Amino acid sequence: MLVIVITGLPGSGKTIASDVARELGLPVVTMGDVIRDEAVRSGISSSMASVTLRLRGGTRAIAYRTLEKIPKQSNVVVIDGARSIREIEAIEEALSTKVVLIYVVAPWRARFERLLRRGRPDDPKTIEDFLMRDLRELRYGLGDLIARADYILVNESSIEEFREGVRRILTSLISQAK
C-alpha cells in the first residue's frame, strides 16, 4: 500500500493538496476530521478536542482513529494532517509500510490571511490567536516532520502553480507504485 501523508502548519495548503489528490481519484482521510468530530461529540472547541484526545489517548491517538477511516480495498491512500513523528510511526506500524511525507510550507502572512478567509469556527481571528495555534502545532511535533519529509512544497505562488506542483508529485508517486 502506498500511503502519502500531507502535513504543514494551518493555512499552508494541505486542503488544496488533498483536493488535488481527490481529483486524481485517490481516497483522502483527514486527521482534522477526527478532531472536529470529537469537538462536536463533546461540545468543545476543536483546539480543546485536539488536546483532550492526545491527553486521554496518547500522542498516537488521532492517528489510530484516522486509520479506522481508511478504505480497506485501497492500494493508495492520502492522509491529510499528521502533526508528529509519533503519528507517522503509528501509521507505518499499523499499515506495515513506509509513509511518503509531503510537507507544505507557506509564509506566515499568507497563511494568516488564508485562515481569515477560510472562516472555519476554529480558525484564528487575531494574529495572537494565529501565533498561539502555530506554537501549539509545533509543540505537538509538526516542526520535526520537515526533517522527515520526502517532499517539501512551497506554497507562495498562484493556486494554479501550487496545484500543479502537487499534481506532479502525486502522479509521479502513483506511477512509481504501479
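Residues numbered from 1 in each chain as written. Predicted model: local features only at pLDDT ≥ 70, side-chain atom pairs only at ≥ 80, totals over all residues. Heavy atoms only, no water.

Caption draft 1: Quick peek at the sheet that holds strand β1 (residues 2-7). If you trace the 5 strands from one edge of the open sheet to the other, you get β2-β3-β1-β4-β5, paired in parallel fashion. With one partner strand each, in any of the chains shown, β2 (28-30) and β5 (151-154) form the two edges of the open sheet. Averaged over all pairs of adjacent strands, the angle between their axes in this sheet comes to 20°, without regard to strand direction. Bridge count between β2 and strand β3 (residues 76-80): 3 bridges; the pairing is parallel. (Pairing = 2+ DSSP bridges. Helix = DSSP H or I, 4+ residues; strand = E, 2+ residues; numbered from the N terminus. Axes fitted to C-alpha atoms, helices over the stretch in contact; angles between N-to-C directions.)

Caption draft 2: Here's a closer look at helix α2 (residues 31-42). Along its 12 residues, α2 runs 17 Å from first to last C-alpha, staying within 8% of the 16 Å computed at 1.5 Å per residue. Along α2, the residues that are buried comprise M31, G32, V34, I35, E38 and A39. Around the axis of α2, the buried residues are gathered within 155° of arc, so they sit on the same side. Along α2, exposed side chains directed more than 90 degrees from the buried face belong to V40 and R41. Close packing links the buried residues of α2 with β2, α3 (46-57), α4 (61-67), β3 and α5 (85-95). Backbone geometry just downstream of α2 places G43 in the positive-phi region, at approximately 70°. (Expected span 1.5 Å × (residues − 1). Buried < 20%, exposed > 50% of the residue type's maximum accessible area, 1.4 Å probe, protein only. Arc of directions from axis to C-beta. Contact = heavy atoms within 4.5 Å.)

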